[in-house]
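Spelled out from the first residue to the last, the chains are:
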Amino acid sequence: EAVSFLKKHNCKVSLNYFKQAPMEDELIGILNQADGLITSSFPYSERVLSTVGRLKVIARTGVGFDAIDVDAATENGICVTITPGANSDSVADHVIGLMLSLARYIPRGDRDIRSGHWLPQVGIEVCRKTLGIIGLGSIGKCVARRGTGFEMKLLAYDLYQDTIFAAEHDIVYLPLDGLLAKSDFVSVHLPLLPETVGLLGERELKLMKPTAYLINTARGGIVDEDSLIKVLRGGRIAGAGLDVFSVEPLDQSPLSSMDQVVLSPHVAGVTEESWARMAFQSAENIIQVFQEQKPFGLVNQQVFQDKR
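Our subject in this report is the structure included herewith. (Residues numbered from 1 in each chain as written. Predicted model: local features only at pLDDT ≥ 70, side-chain atom pairs only at ≥ 80, totals over all residues. Heavy atoms only, no water.)

**As for the pairing of strand β2 (residues 57-60)**
Regular strands have side chains that alternate between both faces of the sheet. Of the two faces of β2, both are covered, the one formed by V57 and A59 as well as the one formed by I58 and R60. The sheet contact formed by strand β1 (residues 36-39) and β2 spans four bridges and is parallel. What sits directly across from I38, in β2, is A59. For the crossover from β1 across helix α3 (residues 46-51) to β2, the handedness is right-handed. Here β2 runs beside strand β3 (residues 79-81); their pairing, made up of three bridges, is parallel. Paired with I58 across the bridge in β3 is V80. Viewed along the sheet, the connection from β2 through helix α4 (residues 70-75) into β3 turns out right-handed. (Buried < 20%, exposed > 50% of the residue type's maximum accessible area, 1.4 Å probe, protein only. Helix = DSSP H or I, 4+ residues; strand = E, 2+ residues; numbered from the N terminus. Pairing = 2+ DSSP bridges. Right-handed = clockwise from strand over helix to strand, strands pointing away.)

Laid out in C-alpha cells, this is it:
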C-alpha cells in the first residue's frame, strides 16, 4: 500500500533490502539518488547526511530516531519524521507476552520438554500485581490498558504527565525511585536521549523488589546492561524480559545463559499490521514534505520553519 501510494504521487520507488546496516559509502551512493528515504533503525551519521545532496526527508518507521544524527540532518535541511502510534499496540502485546513468559516460566518449560525433561516450575499470577510504567506515552498507555485487563495496579513515571488519562485508568504518578520500589513488573517506554542513557543503573535496579521483573522494549541504552547482569546474578531482582540491547545483535552476553531472562531480537514493534501502518505513515510523511506541508511526526521542527 505504501509503495502504491508513493507511485500514485508520481514517485519512482527503489527498494533496497539489507539484513544489516550497509557501509556508509554504499549508503551515500543510494541516498545521492533519492529525494526521500523510508528506513528502519540503521544509523545515519553526520558524514552520510552532509554528503548527500538532494535528500529532503528521512521517514523513520517507528518512534526511535537515536540512530539518526538529527543535528546533522537539520543543518543540511533534511526533515526527520517518525510514526507515533503506528506500532504501539504491537509493542504493548509483546510486553504482556514477556511478562507472562517470565511469570509462568513458559520459555524454560518449552526448552525442558524439547530436551526430554519434565520439570514443572511454579510461577506467579500476573493478575492484580503492580505494574510500573516508565514513560506513559503512546506505547505506555497501550500497556496500561492491557494491564487494566489483568486488574493490575498501575503506576507511572513521566516528566510530562497526562493527568486526564491517568484519572480515567486509575494510574498513580510517582517519582522514579518510588515506582521502582513498589512495582512487581517494571516496563520501560522512553526514547533514548542524552538524559535517559543509563537511567536505570545499579542503584535504581537495586531499588526494585527481589521478586520483581524488568521489561525493556524501548532502547537497550536506557538500562545499564552491566548493572542489570550484576543484579540478576546476585538475585536482587527476579528476572528480565529484554527485546533491546546496548549493542545489537546481542553477542556473547551473560544474559544469553540466564534462565531468569527472556530475550527477543528487537521485534516488539514488528507485526504484519504495524509494518503496514508504519510504512504507510512514512509514505504519507514523504509526500507531505514533497508538497511542502508539515509532516506528521516531524522530529526537527526547525527544518520545516526554515523551508517556509
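**Describing the side chain of S90**
Note on placement: S90 falls in helix α5 (residues 88-103). For S90, a relative accessible area of 6% gives the class buried.

**Section: unusual backbone geometry**
The omega angle of the peptide bond from E248 to P249 is 0°, so this bond is cis rather than trans. Residues other than glycine seldom take positive phi values, yet N10 does so here, at roughly 65°. Structurally, N10 is set in the loop between α1 (2-8) and α2 (24-31). On the accessibility criterion, N10 (73% relative accessible area) is exposed. With phi around 60°, E151 is a residue other than glycine that occupies positive phi space. Within the secondary structure, E151 sits in the loop between α7 (138-149) and β5 (153-157).

**Re the packing of α5 against α7**
For the pair α5 and α7, interaxial distance at closest approach is 8 Å and the crossing angle is 50°. Taken together, the axes of α5 and α7 are oblique relative to one another. The way α5 lies across α7 gives a crossing that is right-handed. Across from S88, D89, V91, A92, D93, V95 and I96 in α5, the residues of α7 making contact are S138, I139, C142, V143 and R146. Of the residues assigned to the contact of α5 with α7, the class counts are seven nonpolar, two polar and three charged. (Axes fitted to C-alpha atoms, helices over the stretch in contact; angles between N-to-C directions. Parallel < 35°, antiparallel > 145°, perpendicular 65-115°, else oblique. Left-handed = near helix turned anticlockwise from the far one by under 90°. Contact = heavy atoms within 4.5 Å. Nonpolar A, V, L, I, M, F, W, Y, C, P; charged D, E, K, R; others polar.)

**Side note on helix α11 (residues 225-233)**
For α11, the set of buried residues is E225, S227, L228, I229, V231 and L232. Considering only its buried residues, α11 is in contact with α10 (202-205), β8 (213-216), β9 (239-242) and β10 (261-263). Immediately beyond the C-terminal end of α11, within one or two residues, lies G235, with a positive phi of roughly 70°.

**Quick notes on the sheet that holds β9**
The seven strands are arranged β6-β5-β4-β7-β8-β9-β10 in an open sheet whose pairing can be described as parallel. Across the chains shown, the open sheet's two edge strands, defined by having one partner strand only, are β6 (171-173) and β10. For this sheet, the mean angle separating the axes of adjacent strands, direction not counted, is 20°. The pairing of strand β4 (residues 130-134) with β5 spans five bridges and is classified as parallel.

**A few points about the pattern of salt bridges**
Enumeration over the complete set of coordinates arrives at 16 salt bridges. Across the salt bridge formed by R203 and D177, the nearest N and O atoms sit 3.1 Å from each other. On the criterion of sequence distance, the pair formed by R203 in helix α10 and D177 in helix α9 (residues 176-182) is long-range, its members being 26 residues apart. Between E204 and R203 there is a salt bridge, with the nearest N and O atoms lying 3.2 Å from each other. Judged by its relative accessible area of 14%, E204 is buried. We classify R203 as partly exposed; its relative accessible area is 47%. Via salt bridges that share partners, E24, D25 and R47 belong to a single interconnected network. (Salt bridge = Lys/Arg side-chain N within 4 Å of Asp/Glu carboxyl O.)

**Topic: the sheet that holds β3**
The three strands are arranged β1-β2-β3 in an open sheet whose pairing can be described as parallel. Strand pairing shows two members of the sheet lacking a second neighbour, β1 and β3, which therefore form its edges. If you compare each strand with its neighbour and ignore which way they point, the axes differ by 15° on average. Across the sheet, helix α12 (residues 272-290) is in contact with β1, β2 and β3; its angle to β1 comes to roughly 165°.

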